[in-house]
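The residues making up each chain are set out below.
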Amino acid sequence: MLDKVIKQKLVVIGNGMAGIRTVEALLERAPDLYDITVFGSEPYGNYNRILLSPVLAGEKTVDDIMLNTVEWYEDNNITLRKGETITMIDRRTCEVVTEAGDRVPYDRLLIATGSNPIMLPLPGKDLPGVIGFRDIHDVDRMIKASTDYRNAVVIGGGLLGLEAANGLMKRGMNVTVVHLLDTLMERQLDPVAGGLLRKSLEERGMVFKMPAQTQAILGEDRVTGVRFGDGTELAADLVVMAVGIRPNFELAKKAGLHCERGIVVSDTMQTYDGRIYAVGECVQHRRQVYGLVAPLFEQAKVCANHLAMKGFATYDGSVTSTKLKVTGIDLFSAGDFAPGPDKEEIVLQDANRGVYKRIILKDKKIVGAVLYGDTIDGPWYFQHLRDGTDVSHMRERLVFGAANLGDGGVSGQNSVAAMSDETEICGCNGVCKGAIVKAISEKKLFTLDDVRAHTKASSSCGSCTGLVEQVLAFTLGGDYSAAPKVKPLCKCTDHSHDDVRRVIVEQQLKTIPAVMRFMEWKTLNGCHSCRPALNYYLLATWPGEYRDDQQSRFINERVHANIQKDGTYSVVPRMWGGVTTPRELRAIADVAEKFNIPTVKVTGGQRVDLLGVKKEDLPAVWADLNDAGMVSGHAYAKGLRTVKTCVGSEWCRFGTQDSTGLGIKLEKFMWGSWTPAKVKLAVSGCPRNCAEATCKDVGVVCVDSGYEIHFAGAAGLHIKGTEFLTKVESEDEALEVIVALTQLYREEGWYLERMYKWCDRVGLEQIRKRVVDDVKNRKALFERFAYSQQFSQSDPWAERASRGVDRNEFAPLAELELA
Amino acid sequence: MTQWIEIGALDEIPRLGSRVVRTPGGNIAVFRTESDEVFALDDRCPHKGGPLSQGIVHNKRVTCPLHNFVIELASGQAVAPDEGCTHTHPAKVENGTVWLALRQAAAVS
Ligand SMILES: Cc1cc2nc3c(=O)[nH]c(=O)nc-3n(C[C@H](O)[C@H](O)[C@H](O)COP(=O)(O)OP(=O)(O)OC[C@H]3O[C@@H](n4cnc5c(N)ncnc54)[C@H](O)[C@@H]3O)c2cc1C
Ligand code: SF4
Ligand code: SF4
Ligand code: FES
């Protein structure tokens, strides 16, 4: 019965990279929603157009670059009409019309017609032997020409032109590149890098004529030469025009769809006719047109999401990067590198090694990068560029790349190009670089997950993930999948932390199953990574409304104690600001004796840890501690942990303020709050800093005139001093700023992302603006924190010790005498 | 020969959670999935003996709380790339009551 349901018809015009990527993504999300028909002018399945350059250079074959074979379309019940061109869209009847006059109806239409090479309107441009560089057909003709003729002229010294010239040269032709300007690839390179590139291509035998304007193409039956503006002529049997591309939108325009430089689309990839979508090089989005695949694939994902009627993803535009695919030449360029008054640059030039690097900074962020000769850090710079990271703290060493930062692995990357094949990349599974490279090239792997599945590298502890990604990027070179994309929250989903947080708010999702259903989780109940994350996001988003899901909590947070290696627990009562009393100490001593607790230890956070408590004893231990007025220290929580203080002006001869008092105030206000990762505070009474405030998540250093607030420090796996946030004059202001800062982190941090990583990602200035400068916003943040505290400041120990919460958790289900 | 022993009501075990049954041969963790299936395993992770009963349950798997080994509840096998196996015991639910049958190995050792 079900198969009688009439499906909606989706017609796709254009069997290329963007169109088919959209279809693939759609099938993943909604495999049965549409009857899909794909029209493509080219007589093949879908292939990887990027790799036409290596095909031309004889490094790959056409078979190597096929992405979706004809069988793939059959297997997925897609009607492929290859070799058929659509000549008209009839929006009145919702039909497309083929060259042969066939009419095919659609409910939704996807236009992905790509672009065409620009053919300069020169005399002789239609002569045989004058071609563009766009598809397999062009490559076939170039290969044929290289066997029959000797002299080739390539017009255009951009990426495409140089790749064409390199290929033809490899096939034995004499190649001259004609370029209008005096810098090669001027859109990606500055004059210095352009010069280096020219020099190494000349060393390989390429000839350049530049700057030069082509005036006419000569010949009678076939091209025989080219004439230039200065009157000189050059013999040529083959002319390749590679001066640019023009989005292919005639069809759309004729159908009355709004077009400017491309088909104009919204953030959901819809044209002005809501039933008609467009993706790829043919579209114009927020005034941008793109000519590289990474952004097109992002568009494809959003479009598929919308076609699948999920409707929550949006495309916000992309920043792109480029690599030249000429074997032996390493070149990387990204972003904006035109000089400007508000920009700074860092340049490294090492003529001996043939290395040139230029990093362009604006407002402490990387806005552009040009690398020549050593491009291994390209992806790393690009990541910081896309993330808008504040790089001021690593400015001096920035140009030497990730490997030389010595940042204790905060970015976890290293230079893989220099590594030998035997270098071990994944310590957990003993996988060396050579094995990974081999798997990537032989098994055609494109993604991190592929590599994990095939080699096991980075599948265990994950600390080598950055390295594996670099090996991937380095091995694939310019291939598309190396494009960095947003990291999914975990393997159960494709969505990032940010996506999930946004959708929870937008769609008012209030339970874990609701989030998983709406965002199409790939697993039934998620896993140990995503469930705690979702639980936190819901708790932080809907205070008072969301019911904490105990089963999605890591054991420590479920039983409010820290599990130890032997399955016993440790118990740490709160000592406000690190201050205790004889009564409390006596109670702790009594409890330790009464329950035979083997170890009593002072922690680094100024309190006492009782280690080796049996799970079933926990409620009774807590009851005794509660009786002496003590509550949970949350030593187990992704939440507020300790507030370390020094004795300050109350006792110390250097003390400037009551650091102990402020610490206690902070702790009393903030205890019980859940945060993305643990939060530790400290308050020092003077700059001698006995409470070590400058390596905490938030630290206060008291001075005569007030309170300096620092944050984003760490002293664990990574060591990092804090950043200075602001200075205030009163305790109340200090409290307000610190609470607001914590609330912002609660609202924006990714689960398990410590405050210093969040700061790295979002940028110090951004945070300061919203927490310090914008007073109204600060107060609003403070209010939201205060509101959510009324639901979280109930001692979890008391709830369990005397109010019977989670009774089942602590007792066995049954005791069997004999078995 | 399997001998079924009644160990308690299904409601006493949280969904996507677990409870422990004490035996002279060591603890047994009894898990309940979202769809109310039950599984019983020795409460010892094949890695370093972590108490599986304290882990997060997802679908028919549990993640060990100590170092995140993921164990299949039905077979006791660690999910690749990790290796190892935990002893399983037959368990069933009838009319809201959970029954357990102890295999010789656990009972004796
Ligand atoms: C030689 C070369 C090297 C490149 N190198 C890189 C690189 O290193 N990195 C990078 O990111 N990008 C590179 N690109 C660019 C990249 O290939 C394109 O951005 C990408 O292929 C565009 O995808 P698309 O789907 O928009 O268009 P296409 O892949 O061109 O697909 C459009 C398809 O639609 C068909 N079509 C058009 N009109 C009709 C019609 N009316 N009816 C039916 N079918 C129609 C066309 O025949 C074509 O097959 C390179 C491109 C070339 C040519
Ligand atoms: S930080 Fe300053 S005030 Fe505090 S104990 Fe040390 S010296 Fe004294
Ligand atoms: S430093 Fe390592 S071994 Fe010591 S308590 Fe922390 S995690 Fe355990
Ligand atoms: S003991 Fe279970 S993962 Fe280590």
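Structural notes, computed from the coordinates. (Residues numbered from 1 in each chain as written. Chains lettered and ligands numbered in written order. Predicted model: local features only at pLDDT ≥ 70, side-chain atom pairs only at ≥ 80, totals over all residues. Heavy atoms only, no water.)

1. Remarks on the pairing of strand 32 (residues 599-602) of chain A
All names here are of chain A.
Part 1: Of the strand pairs in this sheet, strand 32 and strand 33 (residues 608-613) are connected by four bridges, and their pairing is antiparallel. Its bridge partner being in strand 33, Lys601 is matched across the sheet by Asp609.
Part 2: Linking two consecutive strands that pair antiparallel, namely strand 32 and strand 33, is a turn of five residues; a positive phi of about 65 degrees is found at Gln606 within it. (Pairing = 2+ DSSP bridges. Helix = DSSP H or I, 4+ residues; strand = E, 2+ residues; numbered from the N terminus.)

2. As for the sheet that holds strand 6 (residues 86-90) of chain A
All names here are of chain A.
Part 1: If you trace the three strands from one edge of the open sheet to the other, you get 6-7-8, paired in antiparallel fashion. The open sheet has two edge strands with one neighbour each: strand 6 and strand 8 (103-105). Here the average twist between neighbouring strands, direction ignored, is 25 degrees.
Part 2: Strand direction decides the pairing type here: strand 7 (residues 95-98) and strand 8, joined by three bridges, are antiparallel. Looking at strand 8, one finds that Val96 is bridged to Val104. (Axes fitted to C-alpha atoms, helices over the stretch in contact; angles between N-to-C directions.)

3. So, the packing of aromatic side chains
Residues and elements named next belong to chain A.
Part 1: Per the stated rule, a full pass over the model turns up 12 aromatic pairs over all chains.
Part 2: Relative to Trp797, the ring of Trp622 has its centre 5.5 Å away and its plane inclined at 5 degrees; by these criteria the two rings are stacked. You can see Trp622 sitting in helix 18 (residues 618-627) and its partner Trp797 sitting in helix 25 (residues 796-801), a full 175 residues away along the chain.
Part 3: Site record: aromatic cluster; members linked through ring pairs are Tyr536, Tyr537 and Tyr751.
Part 4: Positioned over the ring face of Trp542 is Lys510, at 4.4 Å from the centre of the ring.
Part 5: When the ring centre of Trp750 is taken as reference, the NZ or CZ atom of Arg761 above it lies at 3.8 Å. (Phe/Tyr/Trp six-rings, centres within 6.5 Å; stacked < 30°, edge-to-face > 60°. Lys NZ or Arg CZ within 6 Å of the ring centre and 35° of its normal.)

4. Observations regarding the pattern of salt bridges
Note that side chains of opposite charge can pair when their charged atoms are close.
Residue and element names in this part refer to chain A.
Part 1: As enumerated under the stated definition, the model contains 56 salt bridges over all chains in all.
Part 2: The closest approach of N and O atoms between Arg395 and Glu344, which form a salt bridge, is 2.5 Å. On the criterion of sequence distance, the pair formed by Arg395 in the loop between helix 9 (378-387) and strand 28 (424-426) and Glu344 in strand 25 (residues 344-350) is long-range, its members being 51 residues apart.
Part 3: With relative accessibility at 29%, the residue Arg395 sits in the partly exposed group.
Part 4: Note on Glu344: relative accessible area 37%, which makes it partly exposed.
Part 5: One network of salt bridges, in which partners are shared, links Asp90, Arg92, Glu95 and Arg103. (Salt bridge = Lys/Arg side-chain N within 4 Å of Asp/Glu carboxyl O. Buried < 20%, exposed > 50% of the residue type's maximum accessible area, 1.4 Å probe, protein only.)

5. Here's the deal with the environment of Gly256(A)
Part 1: When you line up the elements, Gly256(A) lands in the loop between helix 7 (250-254) and strand 20 (263-265).
Part 2: Residues Gly256(A) and Asp90(A), 166 residues apart in the sequence, show an inter-C-alpha distance of 9.8 Å.

6. Considerations on the packing of helix 23 (residues 764-773) of chain A against helix 24 (residues 775-792) of chain A
Residues and elements named next belong to chain A.
Part 1: Where helix 23 meets helix 24, the axes come as close as 5 Å, and the angle between the chain directions of the two elements is 80 degrees. With respect to helix 24, the axis of helix 23 lies roughly perpendicular. Only Val775, Asn777, Arg778 and Leu781 of helix 24 make contact with helix 23, whose side of the interface consists of Arg770, Val771, Val772 and Asp773.
Part 2: Partitioning the contact of helix 23 with helix 24 into residue classes produces four nonpolar, one polar and three charged. (Parallel < 35°, antiparallel > 145°, perpendicular 65-115°, else oblique. Contact = heavy atoms within 4.5 Å. Nonpolar A, V, L, I, M, F, W, Y, C, P; charged D, E, K, R; others polar.)

7. Some words on the sheet that holds strand 15 (residues 214-219) of chain A
All names here are of chain A.
Part 1: Spatial ordering of the open sheet is given by 15-16-17, a layout of three strands whose pairing is antiparallel. What marks the edges here is a single partner per strand, and that holds for strand 15 and strand 17 (233-235). With direction set aside, neighbouring strand axes in the sheet form an average angle of 25 degrees.
Part 2: In this structure, strand 16 (residues 223-228) lies alongside strand 17, joined through three bridges in antiparallel fashion.

8. A few points about the interface of chain A and chain B
Part 1: At the interface, 35 residues of chain A touch 31 residues of chain B.
Part 2: Roughly 2800 Å² of surface becomes buried between chain A and chain B when both sides are summed, with 57% attributable to carbon and sulfur atoms.
Part 3: Looking at the side of chain A facing chain B, the largest losses of area belong to His528(A), Leu813(A) and Leu816(A), adding up to 27% of the total buried there.
Part 4: Where chain A meets chain B, there are two salt bridges.
Part 5: Of the charged contacts in the structure, one is a salt bridge between Arg22(B) and Glu815(A), with a shortest N-O distance of 3.4 Å.
Part 6: If you look at where chain A meets chain B, you find 17 residue pairs in polar contact (both at pLDDT 80 or more).
Part 7: Contributions of two or more residues to the side of chain A that touches chain B are made by helix 15 (530-541), helix 16 (555-559), helix 26 (807-810) and strand 41 (814-815) of chain A. (Buried area = accessible area lost by both parts, 1.4 Å probe. Polar contact = N/O pair within 3.5 Å; in protein donor to acceptor, adjacent residues only side chain to side chain.)

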